[in-house]
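# Coordinate inspection notes
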Amino acid sequence: MVDHQLTDQETIQNQDGDAVSRQDSKMNIDPAGNWEEEDQKKELVASLSHTGIELDQKKILEGIDLKIYPDSRIAVMGESGIGKSTILKILAGILEPTEGEVLRPEKISMVFDQEGLYPLLSAMTNIQLGIDWSACPRKERKGKARKWGKMFNCESFWDQPVSTLSAGQRKRIALARAMMKEPQLLLLDEIFHALDGKLRTQIMETVKVICQEKQIALVFATHDPAEAEFFDAQIFQLEPLTSDSDKADL
């Protein structure tokens, strides 16, 4: 059963400088209201505390508070340009906040909608690039790549250059590559929306199972409430308080 009740509203800013509210939606809350007490018993994987950021002298986010635990499944939602990707990039260490504090784990993987693969290299080589080659012997590295590649059904195109593969195949390679370092925190930036229904469900199911089995915290940006429901996720909702125009995703 999904509970869309919203709590803890705060004010933030989008990249156009307009006021934006941040709301937490808690899903699957304990009937006795004990979810806060249970969370306090867990060890934090990552967190944002009163976090904000300015880019090009524009306030993007302000007063963001987010706690992430090993079993967290969090969907960052809101309209385009509101700062969903910015939150993920701060968690990943790609961007540093201009205010507040960030706690990050040692091992983080992030997958973008544009996968960032090397088009002339094979699927197998791209997957292996998810780990530091100097810290992992060749035999072990190839073994790990085959293991994660099989998890995402990449066997049929191991040796093909990425430039010859479909969008769904590239997503599977990117996710297998992300798992190579066995992250404590997995960040997904709107990676499912362009996939067709059956393949989308298959890939989402694989991610869900891996995160459950390996206790990997999952935070993902999405426009689709169905994705949040599929992962049984808490919703971290960004909503504008005033109308604005000409927004673009960061």
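Along each chain, numbering runs from 1 in the same order as the chain's sequence is written. Per-residue local features of the predicted model are confined to residues with pLDDT of at least 70, and side-chain atom pairs are confined, for both listing and counting, to 80 or more; whole-chain, interface and lining totals are unaffected and use all residues. Side-chain calculation: all heavy atoms of the structure are included, whereas hydrogens and water are not.

### What about the packing of helix H5 (residues 167–179) against helix H6 (residues 197–214)?
Here an axis means a line fitted to C-alpha atoms, over the contact stretch when the element is a helix, while the angle between two N-to-C directions is reported on a 0 to 180 degree scale. In DSSP terms, a helix is any run of H or I states spanning at least four residues, a strand is any run of E spanning at least two, and both are numbered starting from the N terminus. One way to put it is that H5 packs onto H6 with a least axis distance of 11 Å and a crossing angle of 5°. Comparing the axis directions of H5 and H6 gives the class roughly parallel. For the pair H5 and H6, the contacting residues are Gly168, Lys171, Arg172, Leu175 and Met179 in the first and Leu199, Ile203, Val207 and Ile210 in the second. Following the grouping adopted for this structure description, the nonpolar residues are Ala, Val, Leu, Ile, Met, Phe, Trp, Tyr, Cys and Pro, the charged ones are Asp, Glu, Lys and Arg, and the polar ones are all others, Gly among them. For the contact of H5 with H6, the residue count by class is six nonpolar, one polar and two charged. Just so you know how the angles are binned, under 35 degrees is roughly parallel, over 145 roughly antiparallel, 65 to 115 roughly perpendicular, and the rest oblique. In this analysis, two residues are considered to be in contact whenever any of their non-hydrogen atoms come within 4.5 Å of each other.

### Notes on the pattern of salt bridges
By definition, a salt bridge exists where a carboxyl oxygen of Asp or Glu is found within 4 Å of a side-chain nitrogen of Lys or Arg. Across all of its chains, the model carries 12 salt bridges by this definition. The shortest N-O distance in the salt bridge between glutamate 190 and lysine 84 comes to 3.9 Å. Of the two residues, glutamate 190 sits in the loop between strand S8 (185–189) and H6 while lysine 84 sits in helix H2 (residues 84–92), which places them 106 residues apart along the sequence. For the residue pair glutamate 190 and lysine 84, the accessibility class agrees, reading buried in each case. As a salt-bridge pair, aspartate 224 and arginine 200 come within 2.5 Å of each other at their nearest N and O atoms. Linking aspartate 224 in the loop between strand S9 (217–222) and helix H7 (225–230) with arginine 200 in helix H6, this pair joins segments that are 24 residues apart in sequence. Through salt bridges with shared partners, a single network forms among Glu54, Lys59, Glu62 and Glu99. In this scheme, a residue with accessible area under 20% of its type's maximum is buried, one over 50% is exposed, and one in between is partly exposed, where area comes from a 1.4 Å probe on protein chains only.

### Examining the sheet that holds strand S6 (residues 99–103)
Reading across the sheet, the three strands line up as S4-S3-S6 and stay open at both edges, with antiparallel pairing between neighbours. Only two strands of the sheet have a single neighbouring strand rather than two, namely strand S4 (58–68) and S6. For this sheet, the mean inter-axis angle between neighbouring strands, taken without regard to orientation, is 25°. Any two strands are treated as partners once DSSP identifies two or more bridges connecting them. In this structure, strand S3 (residues 46–55) lies alongside S6, joined through four bridges in antiparallel fashion. What sits directly across from leucine 48, in S6, is valine 102.

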